Amino acid sequence: MVGAGLARGLAAVLHAAGRRCQFCAAVLEHAGDFPLCPACRALLAPRVGGYCPDCGICYEDSAAPAYSCLACRLGKPPWSGVAFHGPYSGALRDLIHQYKFNHDHGLGLLLRDLIRQAWDRHRLPRPDCVVPVPMLPARVLDRGFNQSAELACMLGKVIGIAPLLRGLCKIRDTRAQSSLGRAERHRNVAGAFEAAMNLSGRHVLLVDDVMTTGATLTACAKACLAAKARRVDIFFLGRAV
Ligand SMILES: [Zn+2]
Ligand SMILES: [Zn+2]
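These remarks concern the structure in this document. The shown structure was predicted, so the numbers you read here are calculated from the model rather than taken from an experiment. (Residues numbered from 1 in each chain as written. Chains lettered and ligands numbered in written order. Predicted model: local features only at pLDDT ≥ 70, side-chain atom pairs only at ≥ 80, totals over all residues. Heavy atoms only, no water.)

Before going further, it helps to spend a moment on the coordination of the zinc ion (ligand 1). Listed as protein donors to the zinc ion (ligand 1) are Cys21 (SG), Cys24 (SG), Cys37 (SG) and Cys40 (SG); their distances from the metal cover 2.3 Å. Coordination at the zinc ion (ligand 1) is tetrahedral, judged from the 4 donor atoms that bind it and the angles of 101 to 115° they form at the metal. Counting residues between consecutive donors of the zinc ion (ligand 1) along the chain gives the motif C-x2-C-x12-C-x2-C. Taken as a pair, cysteine 24 in the loop between helix H1 (2-17) and helix H2 (38-43) and cysteine 37 in the loop between H1 and H2 lie far apart in primary sequence, 13 residues in all. Under the relative-accessibility criterion, cysteine 37 is labelled buried at 9%. (Donors = N, O, S within 2.8 Å, 3.2 Å for Na, K, Ca; no water. Tetrahedral: all angles 85-135°; square planar, octahedral: opposite > 155°, others 65-115°. Helix = DSSP H or I, 4+ residues; strand = E, 2+ residues; numbered from the N terminus. Buried < 20%, exposed > 50% of the residue type's maximum accessible area, 1.4 Å probe, protein only.)

A few words on the pairing of strand E5 (residues 203-211). Counting buried positions along E5 yields 9 of 9 residues, so the element is predominantly enclosed. Bridge count for strand E2 (residues 129-132) against E5 is 4 bridges, and the pairing is parallel. In the strand pairing of E5, valine 130 is matched with leucine 205. Relative to strand E6 (residues 231-239), E5 runs parallel, the two being bridged by 8 bridges. Note on E6: the bridge partner recorded for histidine 203 is arginine 231. (Pairing = 2+ DSSP bridges.)

This next bit is on unusual backbone geometry. Notably, alanine 25 is not glycine yet its phi reads approximately 70°, a positive angle. Among the secondary structure elements, alanine 25 is positioned in the loop between H1 and H2. Residue arginine 123 is not a glycine yet carries a positive backbone phi of 50°. Its place among the elements puts arginine 123 in the loop between helix H5 (105-122) and E2. What makes arginine 123 exposed here is its relative accessible area of 72%.

A few words now on the layout of surface pockets. Taken as a whole, the largest pocket encloses approximately 830 Å³ of empty space. If you go around the largest pocket, you meet 32 residues; those closest to its centre are Arg143, Gln177, Asp208, Asp209 and Thr216. Taken together, the elements giving at least two residues each to the lining of the largest pocket come down to helix H4 (90-101), helix H6 (137-143), helix H7 (147-159), helix H8 (182-189), E5 and helix H9 (215-226). The biggest single contributor to the lining of the largest pocket is E5, with 4 residues. For the lining of the largest pocket, the class distribution of residues is 12 nonpolar, 11 polar and 9 charged. (1 Å grid on protein atoms, 1.4 Å probe; cavity = no way out; pocket = protein on both sides within 12 Å on 5 of 7 lines; lining within 4 Å. Points joined across faces, edges and corners; volume = space filled by probe spheres on them. Nonpolar A, V, L, I, M, F, W, Y, C, P; charged D, E, K, R; others polar.)

The axes of two packed helices give the description: the angle between them and the distance between them. Where H4 contacts H7, the axes come no closer than 11 Å and their chain directions differ by 105°. One finds that H4 runs roughly perpendicular with respect to H7. Contact residues: Ile96, Tyr99 and Lys100 in H4; Gln147, Glu150 and Met154 in H7. Residues that form the contact of H4 with H7 fall into these classes: 3 nonpolar, 1 polar and 2 charged. (Axes fitted to C-alpha atoms, helices over the stretch in contact; angles between N-to-C directions. Parallel < 35°, antiparallel > 145°, perpendicular 65-115°, else oblique. Contact = heavy atoms within 4.5 Å.)

So, on to the state of the cysteines. Scanning the entire structure with this criterion turns up 0 disulfides. With no disulfide of its own, cysteine 129 has cysteine 224 as its nearest cysteine by sulfur position, at a separation of 7.6 Å. (Disulfide = S-S within 2.5 Å.)

Listed below in structure tokens is the structure:
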């Protein structure tokens, strides 16, 4: 009974994992709702104030109320609602990196927990569909997976909607955004995405791991609106600057 033995082994591993912090593996004396030690819980605390509700940019004073940044006041983004976890730095950046390179079960559970918290906190209306920011198929083959698609699956489970993993497609290659300045980033991805299915009249929730200038999410939101989506909201874990 190899199958039963494997299942028992997996159950034992999961049970052992339940008594350790899912981020730093410290042994927990009292596991609360989610297995995270108090230090990691503090390091991974969500941003609840001092950010722009239109693009998630985080201000120095995290205790300030949320207010729109100058860029969003000057030109409203193409999406309606935003949900995110916090600044892309420190423990959150480490977590997203680690998960990218090591599909650890505990890290996946932790990410899903942060996603659930972010979804509950921001109270966006329930969408009709959840769509990840796509990668070119060749890039997915190179990397082995698309992180945004993984997060869209996790968010889909939280909301109870199967994600449309091919709702959008990337129709041309682009240069790595990290090598470019702000204006170049927008030019680089403008028109690079296209709806791959009928989004007419639908409320779409776009998912990415990190938002930096918002150029990619802007191009994706415009592609949804061009396909006659009724409303587009965006969800990401980390907001970089
Ligand atoms: Zn810890
Ligand atoms: Zn803003």
